[in-house]
Amino acid sequence: MISRFSVLLLFVPALGMLSLSVTEVQAEQAALRAGAAMIDITPEPGVSLDGVISKNGPVTGVHDRIYSRALVLDDGNTRVAICVNDLCMVERSYFDRVKQIVFEKTGLPANRMLMTSTHTHAAPRVPYGRASEQDDAYYQALIQKMAEAVITAEQNLAPAQIAWGSFDAGKYAACRRFLAEKGSVSLNPFGVAGEQIKSVSGRSKQIIQPAADIDPQCSILSVQHADGTPLAVLGNMSIHYCGGYRKGEISADYFGAYAKYLAEKLKSSGSHPPFVGMLSNGTSGNVGAVMKQNKRKYQPFEWIDESGKQFAEQTIKVLAQLQYERKIPVEMVEREIELAIRKPNEERLAWAQEILANPKQKTVHPWSKIYATEAVELNKYPATETIKLQAIRIGDLGIVGLPCEVFTETGLAIKAGSPFDATFSMELANGSSGYLPTPTQHALGGYETWPARSSYLEIEAETKIRQTALELLRELHN
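Note that the structure is predicted; figures quoted are calculated from it, not measured.

J.: How do you make sense of the overall build of the protein when you look at a structure like this?
T.: The secondary structure content of the protein amounts to 10 helices and 23 strands. Computed over C-alpha atoms, the radius of gyration of the protein comes to 23 Å, within 12% of the 23 Å expected from 2.2 N^0.38 for 478 residues, which places it in the range of a compact globule. For the protein, the C-alpha atoms occupy an extent of roughly 90 × 45 × 45 Å along the three principal directions. For the protein, with 478 residues in total, the buried portion stands at 56%. Once local pairs closer than 6 in sequence are excluded, the contacts in the protein between residues at least 24 apart make up 80%. Split by element, the accessible area of the protein, about 19400 Å² in all, is 51% carbon and sulfur. If the 49 positive side-chain charges of the protein are averaged to one point and the 52 negative ones to another, these points end up 5 Å apart.

This is the structure:
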């Protein structure tokens, strides 16, 4: 693939050597083709919901159905797929099996597919919430359905045009980790003092400020059919989720409400397949729920619906200002890196075993028993884990896929260091390797840093992942 800075040298009889700019080369390329699809992945009652630390039990009802949504782009040389799933998170091996099925059915290589989860907490966490054979049956069906979404999107490929933009959604986001004065934060679950973060379970009366900045940008990738009919919109926002559920009820959270409202306003016409809206999660590991814009009390799911609608309305305003292109390069690269796992030492294991052997004893923290169990489980992990990082180029737009719950500092650093005019990251892509605090945030402590199946990569993991992501972007750009 020729980069946008390359020059193609041609020999023409009687004229000799001529240089042809990339813009002129692209004019001779095939026009962009795109296809999208969505497949229902709603589980039946009884299937387990969000698991490991926050166990919400089985599905008892459905507030709104959940989907696997896919977008496939083809510039005539390279074909790539992005698949966004209304799930809390998915282990890498499950996504890998989906990609293998798609490859066998379509020939689309596995290294040309980015698959991610939205992180709604009202959907299964695969397979970490497993409790029965019914869960296993759902997971097997889920693999087939996610593959079907990508396969159908590929079958729907048609001449298309594409554009991207963004809007400021900072009023909806807030860091959920707060820096507190030294000595003011209570002992962590392991009985260790000295942390300076008040977060999900921290306590302190002496808050200084939020521990990090937010990423206020909501990025929008818009795809239309060649005749201007809406084909798909892919949004990206760095907010953890919305929440406000009823226990046991399935919901795609505000990610699904966003897609629903976009579909209502941007309906396909004629013989085109249905429009597909999707909202991916950016870098939100240290960001709380969607911030309410007033002080009124909302009923369960009400703010989910309203916030999704507000994001969709602002997206539509952006769409009206975009200039679409039909001939644009699409490329994708990926790389695997090996990272160490923070397994418990002998002292931590002894602490865990003593806690679990005496379940009725009083502990220093309400979650001590949970983290004792986590220490035992984490001890079963291998010494290292290999993770997959990806980058996609669509003209002057860069998209990064990261397999963790990534902090905003990392997302902002990737945007700042990217060589592309516009860049955004998708977390929980191609796997679910736990929280990814920066080394600085690790030193401050807090829930997201405590060793468990929810946070287990080495302390330097963020540095290595960020540097690799930027290397991939530069590789695409150059």
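Following the structure, the description resumes.
J.: Got a minute to help me understand the environment of Ala340 in this structure?
T.: Within the element layout of this structure, Ala340 appears in strand S18 (residues 330-340). Overall, the relative accessible area of 29% leaves Ala340 in the partly exposed class. As a C-alpha pair, Ala340 and Pro382 span 42 residues in sequence and 8.8 Å in three-dimensional space. Residue contacts for Ala340: discarding those within four places in its chain leaves Ala383, Thr384, Tyr456, Leu457 and Glu458.

J.: Can you walk me through the packing of helix H6 (residues 346-357) against helix H7 (residues 368-378) in this structure?
T.: What describes two packed helices is the angle between their axes and the distance between those same axes. At a minimum axis separation of 8 Å, H6 and H7 run at an interaxial angle of 125°. By the criterion of interaxial angle, the relationship of H6 to H7 is oblique. Regarding H6 and H7, the two cross each other, and that crossing is left-handed. Contacts from Arg348, Leu349, Trp351, Ala352, Ile355 and Leu356 of H6 reach H7 at Ser368, Lys369, Tyr371, Ala372, Thr373, Ala375 and Val376. Residue composition of the contact of H6 with H7, grouped by class: nine nonpolar, two polar and two charged.

J.: Would you explain the environment of Ile355 in this entry?
T.: Inspection of the secondary structure assignment puts Ile355 in helix H6. Using a relative accessible area of 6% as the deciding quantity, one classes Ile355 as buried. Remark: the alpha-carbon pair of Ile355 and Ser368, spanning 13 residues in sequence, is separated by 7.8 Å. Look past the residues within four positions of Ile355 in its chain and what remains in contact with it is Gln361, Thr363, Ser368, Lys369 and Ala372.

J.: Which parts of the structure should I look at to understand the side chain of Asp75?
T.: Inspection of the secondary structure puts Asp75 in the loop between strand S5 (67-74) and strand S6 (79-85). It is Arg393 that comes nearest to the buried, bridge-free Asp75 among opposite-charge side chains, at 8.0 Å. In terms of polar contacts, Asp75 uses its side chain to reach the backbone amide nitrogen of Asn77, at 2.8 Å. A distance of 2.7 Å separates the side chain of Asp75 from the backbone nitrogen of Thr78, its partner in a polar contact.

J.: Can you walk me through the sheet that holds strand S13 (residues 207-210) in this structure?
T.: The strands making up a sheet are joined through hydrogen bonds of the backbone, oriented either antiparallel or parallel. One open sheet accounts for three strands, arranged S12-S11-S13; its pairing is antiparallel. Strand pairing shows two members of the sheet lacking a second neighbour, strand S12 (197-198) and S13, which therefore form its edges.

J.: Looking at this model, I keep getting lost on the pattern of salt bridges. Mind explaining?
T.: It is possible for side chains bearing opposite charge to pair when their charged atoms get close. All told, the structure shown has 22 salt bridges when counted by the stated rule. When the shortest N-O distance is used, the salt bridge between Asp74 and Arg33 registers 3.6 Å. Of the two residues, Asp74 is situated in strand S5 and Arg33 in strand S3 (residues 33-40); the sequence distance between them amounts to 41 residues. We note a salt bridge from Arg466 to Glu462, for which the minimum N-O separation is 2.8 Å. On the criterion of helical spacing, the pair formed by Arg466 and Glu462 is a turn pair, its members being four residues apart in helix H10 (residues 461-477).

J.: How should the side chain of His442 be read in this particular structure?
T.: For His442, the position within the fold is in helix H9 (residues 439-444). Apart from the residues within four sequence positions on either side, His442 is in contact with Arg342, Pro437, Thr449 and Ile459.

J.: Explain unusual backbone geometry to me, please; I cannot follow it from the model alone.
T.: Most peptide bonds adopt trans geometry, and most residues besides glycine take a negative phi value. That bond from Val126 to Pro127 is cis: its omega, -5°, falls within 30 degrees of zero. Mapped onto the elements, Pro127 comes out in the loop between strand S9 (125-126) and helix H3 (133-155). The phi dihedral of His119 falls on the positive side, at around 80°, and the residue is not glycine. Take His119: it is sitting in the loop between strand S8 (113-117) and S9.

About the cut-offs
Residue numbering note: each chain is counted from 1, following its sequence as written. Owing to the predicted nature of the model, reporting of local features is limited to residues with pLDDT of at least 70; listing and counting of side-chain atom pairs is limited to 80 or more, with chain, interface and lining totals taken over all residues. The side-chain values count all of the structure's non-hydrogen atoms but skip hydrogen atoms and water molecules. Numbered from the N terminus, helices here are DSSP runs of H or I no shorter than four residues, and strands are runs of E no shorter than two. Here the globule rule reads 2.2 Å times residues to the power 0.38, and the radius of gyration is calculated from C-alpha atoms. Burial classes follow relative accessibility: with a 1.4 Å probe on protein chains only, a residue under 20% of its type's maximum area counts as buried, one over 50% as exposed, and anything between as partly exposed. The contact rule is simple, with two residues in contact once any of their heavy atoms fall within 4.5 Å. Accessible areas in this description were obtained via Shrake-Rupley with a 1.4 Å probe; residue shielding takes into account the shown protein chains only. For the purpose of counting charges, residues Lys and Arg are taken to be positive, whereas Asp and Glu are taken to be negative. His and the chain ends are not included. For charged residues, the charge sits on one atom: NZ in Lys, CZ in Arg, CG in Asp, CD in Glu. Orientation is described by axes fitted as lines to C-alpha atoms, over the contacting stretch for helices, and by angles from 0 to 180 degrees between their N-to-C directions. Here the angle decides the label: under 35 degrees means roughly parallel, over 145 means roughly antiparallel, 65 to 115 means roughly perpendicular, and every other value means oblique. Two helices that cross are described as forming a left-handed crossing if the nearer one is turned anticlockwise from the farther one by less than a right angle, and a right-handed crossing if clockwise. Amino acids outside the nonpolar list (Ala, Val, Leu, Ile, Met, Phe, Trp, Tyr, Cys, Pro) and the charged list (Asp, Glu, Lys, Arg) are all regarded as polar, and Gly is one of them. Salt bridges are counted wherever a side-chain nitrogen of Lys or Arg sits within 4 Å of a carboxyl oxygen of Asp or Glu. N or O atoms within 3.5 Å of each other form a polar contact, as long as, within protein, one can give a hydrogen and the other can take it, and as long as residues adjacent in sequence are counted only when both atoms are side-chain atoms. In this scheme, strands are said to pair when DSSP sees at least two bridges between them.

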